[in-house]
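Structural overview
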Amino acid sequence: MYYEEADKPARARTSNLNEELGQVDTILSDKTGTLTCNSMEFIKCSVAGTAYGRGVTEVERALAWRKGSPLAQEVTDEEAQVDDSTEARTSVKGFNFIDERVTNGNWVNEPRADVIQKFLQLLAICHTALPEIDEETGRISYEAESPDEAAFLIAARELGFEFYVRTQTSISLREFDPFSGRKLERSYKLLNILEFSSSRKRMSVIVRNEEGKLLLLCKGADSVMFERLAKNGREFEEQTKEHINEYADAGLRTLVLAYRELDEEEHSEFNMEFTRAKNSLSTDRDELIEEVAEKIERNLILLGATAVEDKLQSGVPECIDKLAQAGIKIWVLTGDKMETAINIGFACSLLRQGMKQIVISSEAPEIKALEKTGDESAVAAAFKASVLHQISEGKELLTTSSENSQALALIIDGKSLACALDDDVKDMFLELALGCASVICCRSSPKQKALVARLVKIRTGGTTLAIGDGANDVGMLQEADIGVGISGVEGMQAVMASDIAIAQFRYLERLLLVHGHWCYRRISSMICYFFYKNIAFGFTIFFFEAYASFSGQAAYNDWYLSLYNVFFTSLPVIALGVFDQDVSARLCLKFPLLYQEGVQNVLFSWIRILGWAFNGVLTATLIFFFCIRAMEHQAFRKGGEVVGFEILGTTMYTCVVWVVNCQMALSINYFTYVQHLFIWGGIIFWYLFLLAYGAMDPNISTTAYKMIQWIRRDGQTHDPEYCDMVRQRSLRPTTVGYTARFGASSKRFEEKPEGH
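Let us look at the structure shown here.

Rules behind the numbers
Residues numbered from 1 in each chain as written. Predicted model: local features only at pLDDT ≥ 70, side-chain atom pairs only at ≥ 80, totals over all residues. Heavy atoms only, no water. Helix = DSSP H or I, 4+ residues; strand = E, 2+ residues; numbered from the N terminus. Buried < 20%, exposed > 50% of the residue type's maximum accessible area, 1.4 Å probe, protein only. Contact = heavy atoms within 4.5 Å. Areas by Shrake-Rupley, 256 points an atom, 1.4 Å probe, with all protein chains shown as cover. Salt bridge = Lys/Arg side-chain N within 4 Å of Asp/Glu carboxyl O. Expected span 1.5 Å × (residues − 1). Polar contact = N/O pair within 3.5 Å; in protein donor to acceptor, adjacent residues only side chain to side chain. Patch = residues over 30% accessible without salt bridge, like charges linked within 9 Å, V, L, I, M, F, W, Y side chains within 5 Å. Lys, Arg positive; Asp, Glu negative; His and termini not counted. Charge placed at Lys NZ, Arg CZ, Asp CG, Glu CD. Phe/Tyr/Trp six-rings, centres within 6.5 Å; stacked < 30°, edge-to-face > 60°. Lys NZ or Arg CZ within 6 Å of the ring centre and 35° of its normal. Pairing = 2+ DSSP bridges. Axes fitted to C-alpha atoms, helices over the stretch in contact; angles between N-to-C directions. Left-handed = near helix turned anticlockwise from the far one by under 90°. Nonpolar A, V, L, I, M, F, W, Y, C, P; charged D, E, K, R; others polar.

1. Describing the overall build of the protein
Along its length, the protein carries 29 helices and 20 strands. In the protein, which comprises 756 residues, the proportion classed as buried is 49%. Sequence-distant contacts in the protein: of pairs separated by 6 or more residues, those separated by 24 or more amount to 70%. A total of about 36,800 Å² of accessible surface is found on the protein, and carbon and sulfur atoms cover 54% of it.

The following block contains the structure:
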C-alpha cells in the first residue's frame, strides 16, 4: 500500500481498530479526490451559448461502451483524433482543451468575441491564487486553494490571458488584445473578495478596470447562479443549461460564470456594510457577511460555463467491484450534479447496466410551479410530501425487486436528502437505502455527509467506514467507526482527523479484504485462546483447593503462578496475534466473500467463546484427575512413600504447559520460525527454568528445590543439604505430651549452671 509516485506509505494513526477493519458493513465515500485524482483538466466550455472543446472523457468512453459498440467506435475514433492533436502541441498539465476556434487567438474571429473576452478575463481575475515564477524557465505556475481554480488560471493563460502578479490591492494580467493582436499588460484594482463557502457555493470579486468601471465577477454552481441572473442577462441561459447537462453526462465538473457592472453609489453602500460585517465580533459574523454578499450578487449577466475533468484514480473500478463482491455496501456522497454523479458511478462500477435506479429528486414539476407563487410554507409542505411519496414508491419497488432478486441503486439530491434526514422521515429513508446495492447522495454538504454517517452507524449497528481527502470530509470521518484519510492534494485535514491514512482509494481493497480479514481472525482467535489457557490453568488450582478441602494449601509454587502468563504461554499468543494467516493475501483478494466471516462475526460469537471456555474446563479436569489418579496411591520412592504435593503440583503444571502450547500448535494456521520458536521454546524454557530455579538455595526455591534431581535420583535422599532443609522445616515446638515434658526438663537442667 505504498504509493511510489508521491512517496506516501499507508499509516495507521490508531492501533485499537485493527479488528474492526475486518467487520466493515458500509463504506461512505467522498468522490472528488477520493475516487478521482483531484487533478483537474480544463477540457470544455460553453460561452455565449456555443459549446467549445472536443476532448473525450473517461466517463464518455465508459458510457459509449455501455450503450453499444457503434458509438464506442465513434468515441474511439474521436479520441484518436484528439490524441493526434495533442501530440502536435506541448502537453500542459491542467489543460486538455482542444478546439481550433478558440486556441491560438482564433477566438477573436468568433461571432461573440466580446463575450469570450469577458469570459477569459473572469477566469484570470476571479480567484485567490498566487503566481509563482520559475527562475530558470520563466514559466508561471499557480498556488491555488483548489485544483479547479488552478485549472481555470492555466486555461486562461493558454488562451491569451495570463495572470502574473498579485498584490494586496491589484491583479495584473497579460491580455491578448483583439485589435492589435499583441499581448498588453493590464492591471485591475482589487476592491473586495467574497470568498467561496460550502453554503454559498460561489465566489465573487469586485474590481475596477483601467477605464474606471466597477465590475463584479462571479463564478459558482449552477444551482445558485441561474436564480441570480438579471432579466436581460439570460440571453444564453437555455443553451448553457443544455450544455451543462451534456457536460454532467460526460462526468465533468461545471461552474457558471457571470458578471455585472456596479455604479459608485451602490458599491460605496455595499462596501460600508461589508466592512461592518467583517469587523463584527458577534457569533453570527459569517451570516452577516453572507447577507451583505447576497444583496450585491444579483442581477448578473450570464457569460457561460466551464467544464473540467477529474479523472478516476487508477484501480478504482476494480476495487469497488471487489468490495461489492465481499458484501460491503458502498455509499458515495458528493457535491456534484446528479447527472455527473450517475455517470461517474457507471465509470467506477458503482452502477452497472441493468441495475434499477431509484431517483429521489427535488426537480418535480409541481414543486417548481409552487416556487413561482412565492409561498414558502406551501412549497416546504409540498416538497416534503413529494419526498415521502418518492421514498414510498422506492420501498414498493424494493419489495418487488426482492422477489425478483434484482439489484437496486438509490440516487438522491441534496435538497431531498435534507428532507430525508428529518426525524420523522429518516427511518423510512434508511430502510430504503439499506435495501439498495449502491447509494449516491448528490449535492450533499459537509454537514449532510456527517449526518448520513451518524444515521447509518447508529441505526444499523454495523461497522461503518468513511473515506475522504478534504476538510469537507472531516465531519464524516469523525462520525464513522473508522475514518480513512486520503493523503491527496487537498491538504492534510482529512488525514489528521482519520484513523488510517492511505494515498489511493484502490489500497482500500487490500486494507479491508487482506489486512482487515487477517486482523479480525488473529484478534478473535487470540482472545478466545487467552481465555482458554487461563481457564485451563485456573481450574486446576480450583480443583486442587477442593481436593485439599479448601485448606489454603497452594497447588503451585509462587513463581510458577507468576511466570505462567509471562514466559511459558504468552509468546505463542503474541505470535498468533501478529503472524497468523488462514489464507494467503492472493486468495483473500481472489475470494472476497471470505470477508463476510468478520461482518457476520463468525469467530467471536458467544457459542465460540463458550466453546473455548468449555475446552479450558475440560482440559483442567482431565489434567487434574489424571495426575491425582496416577500419583495418589502409587509408590513413588523405594521406601513405598507416595509423592508430596510439591511434586504433584509440578507435574500438573508441566501438563498444563504442554497441553496449552500444543493446543496453540493445533489452532494456528500459518507456521513460521517465530511460531515454532515461541511454542516449543515455551515448553523447553519451562524445564530450563525448573532446573535453574531448583538449583537455588532452598530458602529461595522452596518447594521447587532440585525438583528435577529428585526425579532423576528416583527419590533417594542422599543430598545432605536437602535432608537438613527438610529436617529443619519438620521441627516444630511442642507444648503437650512426653516430648514437651522431656524438652522442658532438659531446658531447666541446662539453665541451672548459669544460675550458680
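2. Quick notes on the pattern of salt bridges
As enumerated under the stated definition, the model contains 37 salt bridges in all. Here Glu158 makes a salt bridge to Arg139, at a shortest N to O gap of 3.0 Å. A residue pair is termed long-range when its members are at least 10 positions apart, and Glu158 in helix H4 (residues 147-158) and Arg139 in the loop between strand S5 (130-133) and strand S6 (140-143) qualify at 19 residues. Judged by its relative accessible area of 28%, Glu158 is partly exposed. Assessed through its relative accessible area of 45%, Arg139 is described here as partly exposed. Glu297 serves as the salt-bridge partner of Arg202, at 2.7 Å between the closest nitrogen and oxygen. In this pair, Arg202 sits in strand S10 (residues 202-208) while Glu297 sits in the loop between helix H8 (285-296) and strand S13 (301-312), placing the two residues 95 residues apart along the sequence. Here the salt bridges do not stand alone but share partners, grouping Arg200, Arg202, Glu227, Arg228, Glu294 and Glu297 into one network.

3. Notes on H4
Helix length check: H4, at twelve residues, gives a terminal C-alpha distance of 16 Å against a target of 16 Å (1.5 Å per residue), a fit within 8%. The complete set of buried residues in H4 reads Pro147, Asp148, Glu149, Ala150, Ala151, Phe152, Leu153, Ile154, Ala155, Ala156 and Arg157. Looking one or two places after H4, you find Gly160, whose phi comes out positive at around 110°.

4. Some remarks on the side chain of Asp25
Residue placement: Asp25 occurs in strand S2 (residues 24-29). Taking relative accessible area as the criterion, Asp25 reaches 17% and is therefore assigned buried. Only 3.3 Å separates the side chain of Asp25 from the side chain of Thr26, close enough to count as a polar contact.

5. Focus: a negative patch on the surface
A cluster of acidic residues, Glu238, Glu242, Glu246 and Asp249, forms a negative patch at the surface. As for its position among the elements, Glu238 is in helix H6 (residues 237-249). Given a relative accessible area of 58%, Glu238 falls into the exposed group.

6. Observations regarding the side chain of Thr240
Residue position: Thr240 is located in helix H6. Residue class for Thr240 comes out buried when judged on its relative accessible area of 0%. Non-local contacts of Thr240, meaning those with residues more than four positions away in its chain, are made with Ser46, Phe226, Leu302, Gly304 and Ala305.

7. Observations concerning the packing of aromatic side chains
All chains considered together, the criterion is met by 34 aromatic pairs. Here Phe270 and Phe274 contribute two aromatic rings whose centre-to-centre distance is 5.3 Å and whose plane-to-plane angle is 20°, an arrangement assigned as stacked. Placement of the pair is Phe270 and Phe274 together in helix H7 (residues 264-278), with a separation of four residues, close to one helical turn. With a relative accessible area of 3%, Phe274 lands in the buried category. Consider the rings of Phe539 and Phe542, whose centres lie 6.0 Å apart with planes at 65°: the pair is edge-to-face. Taken together, the residues span about one helical turn, with Phe539 and Phe542 both in helix H18 (residues 507-547) at a distance of three residues. By relative accessible area, which is 30% here, Phe539 ends up partly exposed. In textbook terms, an aromatic cluster arises when at least three aromatic residues are bridged by ring pairs, as seen for Phe537, Tyr556, Tyr560, Tyr564, Phe567, Phe568, Tyr653, Phe685, Trp686, Phe689 and Tyr693. The aromatic ring of Tyr164 is capped on one face by Arg174, whose charged end is 4.0 Å from the ring centroid. Sitting over the ring of Phe226, Lys241 keeps its end group 5.1 Å from the ring centre.

8. Description of the sheet that holds strand S19 (residues 482-486)
Spatially, S1-S20-S19-S18-S2-S14-S17-S16-S15 is the arrangement adopted by the nine strands of the open sheet, whose pairing is mixed. Two strands close off the open sheet at either side, each with one partner strand: strand S1 (11-12) and strand S15 (356-360). Alignment of strand S14 (residues 329-333) against strand S17 (residues 438-441), held across four bridges, turns out to be parallel. Looking at S17, one finds that Trp331 is bridged to Val439.

9. Regarding the packing of H18 against helix H23 (residues 606-631)
Relative to each other, H18 and H23 sit at 35°, their axes nearing to 7 Å. Crossing angle aside, the handedness with which H18 passes H23 is right-handed. Across the interface between the two elements, Ser525, Cys528, Tyr529, Tyr532, Ile535, Ala536, Phe539, Thr540, Phe543, Phe544 and Tyr547 of H18 pack against Arg608, Ile609, Trp612, Ala613, Asn615, Gly616, Val617, Thr619, Ala620, Thr621, Phe624 and Ile628 of H23. Split into classes, the residues belonging to the contact of H18 with H23 amount to 16 nonpolar, six polar and one charged.

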